[in-house]
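Commentary on secondary and tertiary structure
The primary structure of each chain is shown beneath.
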Amino acid sequence: MTVDHEIKISDSEWEVMRVVWANNQVTSKEIIDVLEQKKAWKPATTKTFIGRLVKKDMLQVERSGKRYLYSTDVNEADFVKHMLKDLFENVCNRQKGGMIAYLLSQVPLSHDDIESITRILNKKRDEAVDVVPCNCLPGQCHCRTIKEK
Ligand SMILES: [Zn+2]
């Protein structure tokens with residue numbers, strides 16, 4: 001399944017998805033055990049989040065004897081990319097470079113990560129502009145306030 005633009009999940013639902021992504025197919029008991037350890041959630045709490053994810057079509061349920069098995073056809077990497085893009089859509093284009101620089105300064109990186117980031121940056125250098133054009137409506141960022149018109 002391609003990631004639906006309408007899909008929004010809460011941080012709590014995301015915790016459930018991580019268990020499913022890591023294990024491909026899991027029982028609710030397995031999800032409950034992991035999140036009891038990590039978050040100290042009661043089984044009923046975890047079950048509520050599982051139910052919401054099924055409703056959102058993020059999880060599929062399959063019956064196997066007495067047990068229900070949960071899986072997903074949403075790819076984790078695709079989903080995270082979709083959420084990141086979504087987040088960045090709320091920010092003025094002019095601010096994005098600074099945000100990425102901030103993120104880079106915060107995350108641990110492998111030599112391979114640095115290689116691939118450097119490759120992208122070298123390509124970006126050829127297309128770089130002096131000032132990134134603002135993409136916002138006046139009144140939604142500091143580039144163009146309502147009063148400027
Ligand atoms: Zn702007």
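- Going by an unreviewed UniProt entry, the chain carries the name Copper-responsive repressor CopY and comes from Amphibacillus xylanus.

Notes on a nonpolar patch on the surface
- On the surface, M99, I100, L104, V107, L109 and I114 cluster together into a nonpolar patch covering about 460 Å² of accessible area.
- The biggest single contributor to the nonpolar patch is helix 5 (residues 93-106), with three residues.
- Mapping M99 onto the fold places it in helix 5.

A closer look at the pairing of strand 2 (residues 60-64)
- As paired elements, strand 2 and strand 3 (residues 67-71) share five bridges and run antiparallel to each other. Paired with E62 across the two strands is L69, which belongs to strand 3.
- Counted between consecutive antiparallel strands, the loop separating strand 2 from strand 3 contains two residues, among which G65 sits at a positive phi close to 65°.

Some remarks on the packing of aromatic side chains
- Under the criterion given, the structure shown has three aromatic pairs.
- The interplanar angle of 45° and the centroid separation of 5.7 Å between the aromatic rings of W21 and F79 together place this pair among those described as tilted. Here F79 lies in helix 4 (residues 76-88) and W21 lies in helix 1 (residues 11-23), a separation of 58 residues in the sequence.
- What makes F79 buried here is its relative accessible area of 0%.
- With a centroid separation of 5.0 Å and 55° between ring planes, the pair formed by W41 and F49 is classed as tilted.
- Using a relative accessible area of 14% as the deciding quantity, one classes W41 as buried.
- Members of the aromatic cluster, each reached through a chain of ring pairs, are W14, W21 and F79.

Quick look at the coordination of the zinc ion
- The zinc ion binds to the protein through C92 (SG), C134 (SG) and C141 (SG), with metal-donor distances spanning 2.2 to 2.3 Å.
- Mapping the donors of the zinc ion onto the primary sequence yields the spacing C-x41-C-x6-C. Of the two residues, C92 is situated in the loop between helix 4 and helix 5 and C134 in the segment after helix 6 (111-127); the sequence distance between them amounts to 42 residues.
- Among the residues examined, C134 registers a relative accessible area of 18% and is labelled buried.

Calculation criteria
- Residues numbered from 1 in each chain as written.
- Predicted model: local features only at pLDDT ≥ 70, side-chain atom pairs only at ≥ 80, totals over all residues.
- Heavy atoms only, no water.
- Patch = residues over 30% accessible without salt bridge, like charges linked within 9 Å, V, L, I, M, F, W, Y side chains within 5 Å.
- Areas by Shrake-Rupley, 256 points an atom, 1.4 Å probe, with all protein chains shown as cover.
- Salt bridge = Lys/Arg side-chain N within 4 Å of Asp/Glu carboxyl O.
- Helix = DSSP H or I, 4+ residues; strand = E, 2+ residues; numbered from the N terminus.
- Pairing = 2+ DSSP bridges.
- Phe/Tyr/Trp six-rings, centres within 6.5 Å; stacked < 30°, edge-to-face > 60°.
- Buried < 20%, exposed > 50% of the residue type's maximum accessible area, 1.4 Å probe, protein only.
- Donors = N, O, S within 2.8 Å, 3.2 Å for Na, K, Ca; no water.

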